[in-house]
Amino acid sequence: MRIEQPRIVAVLPELGVELRAETSLAALTSLGIGGTTDLLRVRKHLFLPQLIQLLKSEGIPFRFLGGGSNLLVANGELPWVMLQLVAGDPEIRLEGNYAFVDAAADLGRTVTFCAKNNLGGMEGLIGVPGTVGGALRMNAGAYGTQMGSFVREVKVYRAPTGEIETLRGEEIRFDYRHTSFAADDIMLAVKLELPSKAYPEIVKGIRICNEKRRASQPIGQKSAGCIFKNPPGASAGRLIDELGLKGFHVGDACVSDRHANFFINRGTSSCADMLALIAAVREKVRSNYGVELEEEVVVWRA
Ligand code: EPU
């Protein structure tokens, strides 16, 4: 979708918003799949309500993009524009055991920055790709650590009021890969409380997690991490693996040889290929085990 209304184009610079016309979502997602649309890069949280108001008044549909690491997007010209936050400078500010982090900050960089300042706890999250906001919205987790455990406050844009609000940690429910945020909430910044820990000790934990991940996950290939949530008491990866589905593919969408819950774009997979692979694997798991797998990856169909 193109933004052509002169009224909007003229006002964007005043709101600190950069317009990148006809941007490819394939380039902005870790799966490398997705069509094109205009991208609005938002530098100042403060102006987000005004920008959204403007888009609504002109009837321009929009979606919000984080780090693009858990996202499968339709091909072709997309029927909405994209909004994406640009991290502030600095993107992280520390105050004792508290870290004030921009939602647009990279999660891995945040973990290492805090580690260098002797703040630990997040070692398990080190290899999780994406932004702090994305990790927060879906309560990302790995190796026994979940993002939600550290959250004390969240600054969020709320669609019903059109305003920026600050929520206390206790007001938010964090479950397995799920939170009580509304679908149209936009994460802006978060206050984390992290335990004091000596840097060398944190680095040890980070190395262990990195090694485990390298040994079991297809690092460096185009994926969206795990495609399905684990069903209660079981591992989706193991179930898919036991059915002999590693390497099973639809076009260039392929079940990873390394971890069966990672689906890889091994070249020029389309969104339809990936959706067909997801449907086929889900059906095989359903018919063999009677288990209904739920997607963890977020799908944007056009
Ligand atoms: N397994 C297999 N074959 C496979 C994959 C796994 O037999 O192809 C077995 C493993 O040997 C192990 C068990 O299944 O005994 C569990 O595997 P793993 O330790 O890799 O963990 P997982 O449950 O598959 C979860 C998260 C990952 C996270 C890891 C590490 C989900 C859906 N996945 O995977 O998160 O990195 O634990 O903590 O909760 C993600 O959310 O995108 C993600 C990758």
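Predicted, not measured: the structure shown is a model, and the values here were computed from it.

Reading the values: the criteria
Residues numbered from 1 in each chain as written. Predicted model: local features only at pLDDT ≥ 70, side-chain atom pairs only at ≥ 80, totals over all residues. Near = placed C-beta within 6 Å. Helix = DSSP H or I, 4+ residues; strand = E, 2+ residues; numbered from the N terminus. Nonpolar A, V, L, I, M, F, W, Y, C, P; charged D, E, K, R; others polar. Pairing = 2+ DSSP bridges. Axes fitted to C-alpha atoms, helices over the stretch in contact; angles between N-to-C directions. Domains from an automatic or database assignment. Buried ≥ 20, exposed ≤ 12 C-beta atoms within 10 Å, placed from the backbone.

On to the site of the ligand. Surrounding the ligand, one finds 16 residues, the nearest of these being Gly 225, Cys 226, Gly 237, Asp 241 and Ala 260. Broken down by element, the shell around the ligand gets its largest block of residues, four residues, from helix α6 (residues 236–242). Taken together, the residues of the shell around the ligand break down into five nonpolar, seven polar and four charged.

With that settled, consider the sheet that holds strand β6 (residues 92–95). Read across the sheet, five strands follow the order β6-β7-β14-β10-β11 without closing on themselves; strand pairing throughout is antiparallel. The open sheet is flanked by β6 and β11 (163–168), the only strands paired with a single partner. Recorded for the sheet is a direction-independent mean angle of 15 degrees between the axes of neighbouring strands. The pairing of strand β10 (residues 151–158) with β11 spans six bridges and is classified as antiparallel. Paired with Lys 155 across the strands is Thr 166, a residue of β11.

On to the domain arrangement of the protein, then. Taken as a whole, the protein is organised into domain 1 (6–85), domain 2 (92–215) and domain 3 (218–300). Each of domain 1 and domain 2 was reduced to a C-alpha centroid, and the two centroids are 24 Å apart. Looking at the side of domain 1 that touches domain 2 element by element, the count peaks at four residues for helix α2 (residues 48–57).

Taking burial as the measure, the six residues of β11 include zero buried ones, a minor fraction of the element. Count of turn residues in the β10/β11 antiparallel hairpin: four residues, of which Gly 162 carries a positive phi of about 70 degrees.

In this section: unusual backbone geometry. With omega at 5 degrees, the peptide bond leading from Asp 89 into Pro 90 counts as cis. You can see Pro 90 is positioned in the loop between β5 (81–85) and β6. With phi around 45 degrees, Glu 22 is a residue other than glycine that occupies positive phi space. Looking at the element boundaries, Glu 22 is found in strand β1 (residues 17–24). You can call Glu 22 exposed: it has 12 C-beta atoms within 10 Å. Of note in this structure, Tyr 143 is not a glycine but carries a positive phi near 50 degrees. Residue classification places Tyr 143 among the partly exposed positions, given that 15 C-beta atoms sit within 10 Å.

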